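Each chain is listed here by its residues.
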Amino acid sequence: MLTEAKVIELLQSIEEPFLHKTLEELNAIEEVKIKEEKKHVSVKIGITKTGTAEQLQLQMKVVNLLKEAGAESVGIRFFELPHETIEKFRSTGEEGSQGLLSPGSKTTFIAIASGKGGVGKSTVSVNLAVSLARLGKRVGLVDADIYGFSVPDMMGITKRPAVRGEKIIPVERFGVKVISMGFFVEDNSPIIWRGPMLGKMLNSFFNEVEWGDLDYLLLDLPPGTGDVALDVHSMLPTCKEVIVTTPHPTAAFVAARAGAMALKTDHEILGVIENMSYFESKLTGEKEYVFGQGGGEKLAEELQTKVLGKLPLGQPDWNEEDFAPSVYHEDHKLGQIYKEIAGTIIESLN
Ligand SMILES: Nc1ncnc2c1ncn2[C@@H]1O[C@H](COP(=O)(O)OP(=O)(O)OP(=O)(O)O)[C@@H](O)[C@H]1O
Ligand SMILES: [Mg+2]
């Protein structure tokens, strides 16, 4: 004789197909009803995504179990589990298996930050990532500038990430695995999101992307000390930081705020990169300090760290066949400086 209690007992140890937790753990069994005369059982069950093949399989499992136990007919309705439940079990479920954010992870996170916009964070992130890869490291790059993503264009990425099962496969370019909001937006349309969405997006960049084993994961942060920067700080407690500034002393002053934020959250600052430091004449080799001088040193002193390198003004050589407008070639003057900086970073982390 089937009772409601018996039905619950039968169903509660079934695994939900997306989260791999039992229906009991997920609190996913609602409304069990039995019509005695017809031996008809109806249940309402929660699942991560309705209308999926997984739902069909779960449905078959439930029907078989109940029929074996004596039900003549079974009616199932599915509802989507509450978001909080999914988030809660998804994060604990995947951290362990994937490991990028797990305590035992061997990946070093390096965030590229600055106090203000336009100083060259994205350019530095891209070229540092490429240079680390040129030195044989396994490198990932997250374009964490959710609104102002620019990495795909800068690296000349035209492909979109593939999806394998539940995971997104990052796009590989110059040996760097890249993920950017730009991959998920149609026609370069602007994104209007509120604060909490940003954190979720970042979270999925870590948890839903198949990064594989990485030595370094670089994050190109949006300018300033806003939501995303804060999220990165709290999400990645062991993140290292590189602060980019221009040589003007007031720029360094603003950048110091980004640095202060890093220090407050115990993020180790690896050093300062001074970008657009000078213009070097090709004809005479003379250096002109068009944006002033001393910003990098001033900032490094203030943050009690070192200047990792100074990058002059200069454009990459464009290659029509393999177009990547912001990537400096290995033997370009700036490409060499980037390589030196990458080497210094590797050494300082050893
Ligand atoms: N050393 C350099 N020489 C010449 N141009 C440069 C140099 N570094 C960066 N640029 C240029 O300056 C502009 C701003 O650089 P970039 O987009 O990297 O800055 P950002 O700090 O990421 O900006 P945002 O705050 O908007 O994200 C770009 O057009 C870039 O090509
Ligand atoms: Mg940028």
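This is a predicted model, so every value here is computed, not measured.

Novice: Provide a residue-level description of the overall build of the protein chain, including the pertinent values.
Specialist: Counting its secondary structure elements, the protein chain contains ten helices and 15 strands. Expected size for 350 residues packed as a compact globule is a radius of gyration near 20 Å; at 26 Å, the protein chain overshoots this value by more than 25%. For the protein chain, the spread of C-alpha atoms along the three principal axes comes to 100 × 45 × 40 Å. Buried residues in the protein chain amount to 49% of all 350 residues. Here the analysis covers contacts within the protein chain between residues at least 6 apart in sequence; of these, 73% occur between residues at least 24 apart. The protein chain carries 37 positive and 50 negative side-chain charges, and their two centres are separated by 2 Å.

Novice: Describe the domain arrangement of the protein chain, listing the residues and the values that go with them.
Specialist: By domain assignment, the protein chain separates into domain 1 (4-95) and domain 2 (108-349). Between the C-alpha centres of domain 1 and domain 2 the distance comes to 46 Å. Of the roughly 500 Å² buried where domain 1 meets domain 2, counting both sides, 39% is carbon and sulfur surface. Counting across the domain 1 and domain 2 interface gives zero salt bridges. Viewed at the interface, domain 2 and domain 1 are joined by zero residue pairs in polar contact (both at pLDDT 80 or more). Residues that form the side of domain 1 that touches domain 2 fall into these classes: one nonpolar, one polar and four charged.

Novice: How would you explain the site of ligand 1 if you had to name every residue and give the values?
Specialist: Of all residues adjacent to ligand 1, which total 18 residues, the nearest are G118, K121, S122, T123 and N275. A distance of 2.9 Å separates an oxygen atom of ligand 1 from a polar backbone atom of G118. Separating a nitrogen atom of ligand 1 from a backbone N or O atom of P312 is a distance of 3.0 Å. Look at ligand 1: alone it shows 630 Å² of surface, and the protein chains cover 73% of it.

Novice: Describe the sheet that holds strand β2 (residues 40-47), with residues and values.
Specialist: Strand order in the open sheet formed by three strands is β1-β2-β3, and the pairing between neighbours is mixed. What marks the edges here is a single partner per strand, and that holds for β1 (29-35) and β3 (73-80). Pairwise comparison of adjacent strand axes, ignoring direction, gives a mean angle of 15 degrees for this sheet. Of the pairings in the sheet, the one linking β1 to β2 comprises five bridges and is antiparallel in character. Residue pairing for β2: I34 is matched across the bridge by V41.

Novice: Tell me what's going on with the pattern of salt bridges, and back it up with residues and numbers.
Specialist: Per the stated rule, a full pass over the model turns up eight salt bridges. A salt bridge links K333 to E280, with the shortest nitrogen-to-oxygen separation between them at 3.2 Å. Of this pair, K333 sits in helix α10 (residues 333-349) while E280 sits in strand β13 (residues 279-280), and the two are 53 residues apart along the sequence. What makes E280 partly exposed here is its relative accessible area of 24%. Note that E297 and K310 form a salt bridge whose closest N and O atoms lie 2.6 Å from each other. Taken together, the residues span a long stretch of sequence, with E297 in helix α9 (residues 295-302) and K310 in strand β15 (residues 307-311) at a distance of 13 residues. Using a relative accessible area of 36% as the deciding quantity, one classes E297 as partly exposed. Note on K310: relative accessible area 31%, which makes it partly exposed.

Novice: Hey, could you go over unusual backbone geometry for me, with residue numbers and the actual values?
Specialist: Notably, M276 is not glycine yet its phi reads approximately 60 degrees, a positive angle. Assignment of secondary structure puts M276 in the loop between β12 (268-275) and β13. Of note, the phi angle at Q304 is positive, near 50 degrees, even though the residue is not glycine. Positionally, Q304 belongs in the loop between α9 and β15. Looking at Q304, the relative accessible area reads 76%, which means it is exposed.

Novice: Any details on the environment of T22? Residues and values, ideally.
Specialist: Summarising the element assignment, T22 is placed in the loop between α1 (4-11) and β1. Taking the C-alpha atoms as reference points, T22 and V130, separated by 108 residues in sequence, lie 44 Å from one another. Apart from residues lying up to four places away in sequence, T22 is in contact with Q12, S13, I14 and E15.

Conventions and cut-offs
Each chain has its residues counted from 1, following the order in which its sequence is written. The order in which chains are written sets their letters, starting at A; the order in which ligands are written sets their numbers, starting at 1. Selection of residues for local features in this predicted model requires a pLDDT of at least 70, selection of side-chain atom pairs for listing and counting requires 80 or more, and totals for whole chains, interfaces and linings are taken over all residues. Side-chain figures throughout are based on the complete set of non-hydrogen atoms in the structure, without hydrogens or water. A run of H or I in DSSP counts as a helix once it spans at least four residues, and a run of E counts as a strand once it spans at least two, with each numbered from the N terminus. Two things to know: the radius of gyration comes from C-alpha atoms, and the globule rule equals 2.2 Å times the number of residues to the power 0.38. Accessibility here uses a 1.4 Å probe with only protein chains present; expressed as a share of the type maximum, an area under 20% marks a residue as buried, one over 50% as exposed, and anything in between as partly exposed. Any two residues having at least one pair of non-hydrogen atoms within 4.5 Å are treated as being in contact. Charge counting follows a simple rule: Lys and Arg are positive, Asp and Glu are negative, and His as well as the terminal groups are ignored. Note on charges: their place is set at NZ of Lys, CZ of Arg, CG of Asp or CD of Glu. What counts as a domain boundary in this text is fixed by an automatic or database domain assignment. Two parts placed together each lose some accessible area under a 1.4 Å probe, and adding up what both lose gives the buried area. We define a salt bridge as a side-chain nitrogen of Lys or Arg found within 4 Å of a carboxyl oxygen belonging to Asp or Glu. Polar contact is defined as a pair of N or O atoms within 3.5 Å, subject to the rule that within protein one atom must be able to donate a hydrogen and the other to accept it, and that residues adjacent in sequence are counted only when both atoms are side-chain atoms. Three classes are used, and their members are as follows: Ala, Val, Leu, Ile, Met, Phe, Trp, Tyr, Cys and Pro are nonpolar, Asp, Glu, Lys and Arg are charged, and the others, Gly among them, are polar. Residues are counted as near a molecule or strand when any one of their heavy atoms sits within 4 Å of it. Where accessible areas are quoted, they stem from the Shrake-Rupley method and a 1.4 Å probe; at the residue level, only the protein chains shown are allowed to cover. Each pair of strands is called paired provided DSSP finds at least two bridges between the two strands. Note on method: axes are straight lines fitted to C-alpha atoms, helices fitted across the in-contact stretch only, with angles between N-to-C directions ranging 0 to 180 degrees.

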